[in-house]
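Structural overview for review
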Amino acid sequence: MQLRIGASSIELVPGDISEQQVDAIVNAANGRLSGGGGVDGVIQRKGGPTIMQETDQRYPGGCQTGSAVISRAGNLPAKYVIHAVGPIWSGGNLGEDGLLASAFRSAMELAAEHGCESVAFPAISTGAYRFPLDEAADIALEAVAGFLRKYDQPMLVRFVLQDGPALAAFTNALEQLTE
Ligand code: APR
């Protein structure tokens, strides 16, 4: 499914974020940039050790929740990995919504600043960080669409959803965005 916003578009695809042939893929990282399972695990494993070597060197203090940093992508097909840190879901009263939107916006800013024409996102915070899927999908798509309406870049924003429930939640949220 696809939505055009000006000259740019948002698309939803099933698949594995690490295999995307785009300028930048976004990692669902933690604040210490220390690696983990899920998206982070597959990116670090397939991309190789140079990714974490670079983030250790450039960002020794890690990355705040709701923000993002960028590195090269080692052995992955993408040019860059943007490491975005989403919030851990704690019931919704600790500013989780705003922090998740901010993580998406920060990643979009870095992609645009680095001249990326295409960027691929996973459903940040919806795995180990337990953010409710439907709410996360609404926030992610609103944040990305808002950025594209303002800046019209990157040209392509792809959400790569690993399973049926995630694809369904994002499809529903994208349909609402078009109404
Ligand atoms: N491609 C696309 N999506 C994936 C992939 C993949 N290869 N692997 C997992 N996912 C999906 C999950 O199903 C989930 O919906 O990405 C979403 C995010 O899940 P996580 O990777 O667990 O990310 P998050 O919830 O943000 O938790 C981040 O987990 O791995 C650690 O270091 C990471 O501490 C950080 C935390």
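Going by the structure above, here's the rest.
Residues numbered from 1 in each chain as written. Predicted model: local features only at pLDDT ≥ 70, side-chain atom pairs only at ≥ 80, totals over all residues. Heavy atoms only, no water.

**A closer look at the pairing of strand β7 (residues 156–161)**
Within β7, 6 of the 6 residues are buried, leaving the element largely enclosed by the surrounding structure. On β7, burial covers both faces: Leu156, Arg158 and Val160 on one face and Val157, Phe159 and Leu161 on the other are all buried. Pairing analysis gives 6 bridges linking strand β2 (residues 8–14) to β7, with the strands arranged parallel. Looking across to β7, one finds that Ser9 is bridged to Leu156. Sheet topology note: the strand β6 (residues 118–121)/β7 ladder contains 4 bridges and is parallel. By the bridge assignment, Phe121 is partnered in β7 with Phe159. (Buried < 20%, exposed > 50% of the residue type's maximum accessible area, 1.4 Å probe, protein only. Helix = DSSP H or I, 4+ residues; strand = E, 2+ residues; numbered from the N terminus. Pairing = 2+ DSSP bridges.)

**Here we look at helix α4 (residues 133–151)**
Over its 19 residues, α4 extends 27 Å from the first C-alpha to the last, a length consistent with the 27 Å expected when each residue adds 1.5 Å. Among all positions of α4, only Ala136, Ala137, Ile139, Ala140, Leu141, Ala143, Val144, Ala145, Phe147 and Leu148 are buried. Against β1 (2–5), β2, α3 (96–113), β6, β7 and α5 (164–178) lie the buried residues of α4. After α4 finishes, the residue Asp152 shows a positive phi value of roughly 60°. (Expected span 1.5 Å × (residues − 1). Contact = heavy atoms within 4.5 Å.)

**Description of the sheet that holds β1**
Strand order in the open sheet formed by 7 strands is β1-β2-β7-β6-β3-β5-β4, and the pairing between neighbours is mixed. Every other strand in the sheet has two partners, leaving β1 and β4 (68–72) as the edge strands with one partner each. This sheet shows a mean twist of 20° between the axes of neighbouring strands, independent of strand direction. As paired elements, β4 and strand β5 (residues 80–85) share 5 bridges and run antiparallel to each other. Residue Arg72 lies in a different strand from β5, and its bridge partner there is Tyr80. Sheet contacts for α5: β1, β2 and β7; angle to β2, the most-contacted strand, approximately 155°. (Axes fitted to C-alpha atoms, helices over the stretch in contact; angles between N-to-C directions.)

Don't take any of this as a statement about function, it's just geometry.
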